[in-house]
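# Commentary on secondary and tertiary structure
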Amino acid sequence: MKDSELRTRAKTFALKIISVCDTIDTRKGRGVLVNQITRSSTSIGANIHEANYASSKADFINKFHIALKECLETEYWLDMLGGSNCITEETSKELLQECGVIRRMLVKSINTAKTNSKKQSEEN
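Residues numbered from 1 in each chain as written. Predicted model: local features only at pLDDT ≥ 70, side-chain atom pairs only at ≥ 80, totals over all residues. Heavy atoms only, no water.

Now for the packing of aromatic side chains. Counted by the stated rule, this structure contains 2 aromatic pairs. Measuring from centroid to centroid gives 5.0 Å for Tyr76 and Trp77, while their planes differ by 70°, and the two rings are edge-to-face. For Lys57, the ring lying beneath its charged end belongs to Phe60, and the centroid distance is 5.6 Å. (Phe/Tyr/Trp six-rings, centres within 6.5 Å; stacked < 30°, edge-to-face > 60°. Lys NZ or Arg CZ within 6 Å of the ring centre and 35° of its normal.)

Below, the structure is given as structure tokens:
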């Protein structure tokens, strides 16, 4: 199966987060932040990947909703990492921008899937 742009972006984004987290000194209580952002950022792609094997259109939409929630959570943790000076302002802006792109793609995909599902229901 050829990866979609969304799947590719989500995977690349998670790998960037992991790389950035490897540079953060976790001895000062920041391990919680690192753990949380690693979990939420990798969950975005995991749910997108899982949606490709959904058992129904509703299951597909649900997986994308979960990915969207994880994306929003990741934005929060990025804000926390930036605000606590764990990452530079430049890194924070770059990662928040990419997270925003993924968020918008998820919203568009959810809306398209809902529209297509509604049309299909009306045809039957």
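A word on the environment of Glu98. Locating Glu98 in the fold gives a position in helix H4 (residues 89–123). The class for Glu98 is buried, based on a relative accessible area of 17%. Residues contacting Glu98, with those up to four places away along its chain left out, are Arg9 and Phe13. (Helix = DSSP H or I, 4+ residues; strand = E, 2+ residues; numbered from the N terminus. Buried < 20%, exposed > 50% of the residue type's maximum accessible area, 1.4 Å probe, protein only. Contact = heavy atoms within 4.5 Å.)

Counted at 1.5 Å a residue, the expected span for helix H2 (residues 31–51) with its 21 residues is 30 Å, and the 30 Å between its end C-alpha atoms agrees. Contacts made by the buried residues of H2 are with helix H1 (5–21), helix H3 (57–83) and H4. (Expected span 1.5 Å × (residues − 1).)

Before going further, it helps to examine the packing of H2 against H3. Viewed as axis vectors pointing N to C, H2 and H3 meet at an angle of 155°, and their least axial separation amounts to 8 Å. Of the possible angle classes, the one that applies to H2 and H3 is roughly antiparallel. Crossing handedness for the pair H2 and H3: left-handed. For the contact of H2 with H3, the residue count by class is 14 nonpolar, 6 polar and 4 charged. (Axes fitted to C-alpha atoms, helices over the stretch in contact; angles between N-to-C directions. Parallel < 35°, antiparallel > 145°, perpendicular 65-115°, else oblique. Left-handed = near helix turned anticlockwise from the far one by under 90°. Nonpolar A, V, L, I, M, F, W, Y, C, P; charged D, E, K, R; others polar.)

Moving on, we come to the nonpolar core. Within the largest apolar cluster, 29 residues are counted, with the highest numbers of intra-cluster contacts made by Phe13, Ile44, Ile48, Leu78 and Leu106. Taken together, the elements giving at least two residues each to this core come down to H1, H2, H3 and H4. Per-element tally for this core: the top contributor is H3, with 8 residues. Ignoring any residue separated from it by four or fewer positions in sequence, one finds Phe13 in contact with Ser41, Ile44, Thr74, Leu78, Leu95, Glu98, Cys99 and Ile102. (Core = buried A, V, L, I, M, F, W, Y, C linked by side-chain atoms within 4.5 Å.)

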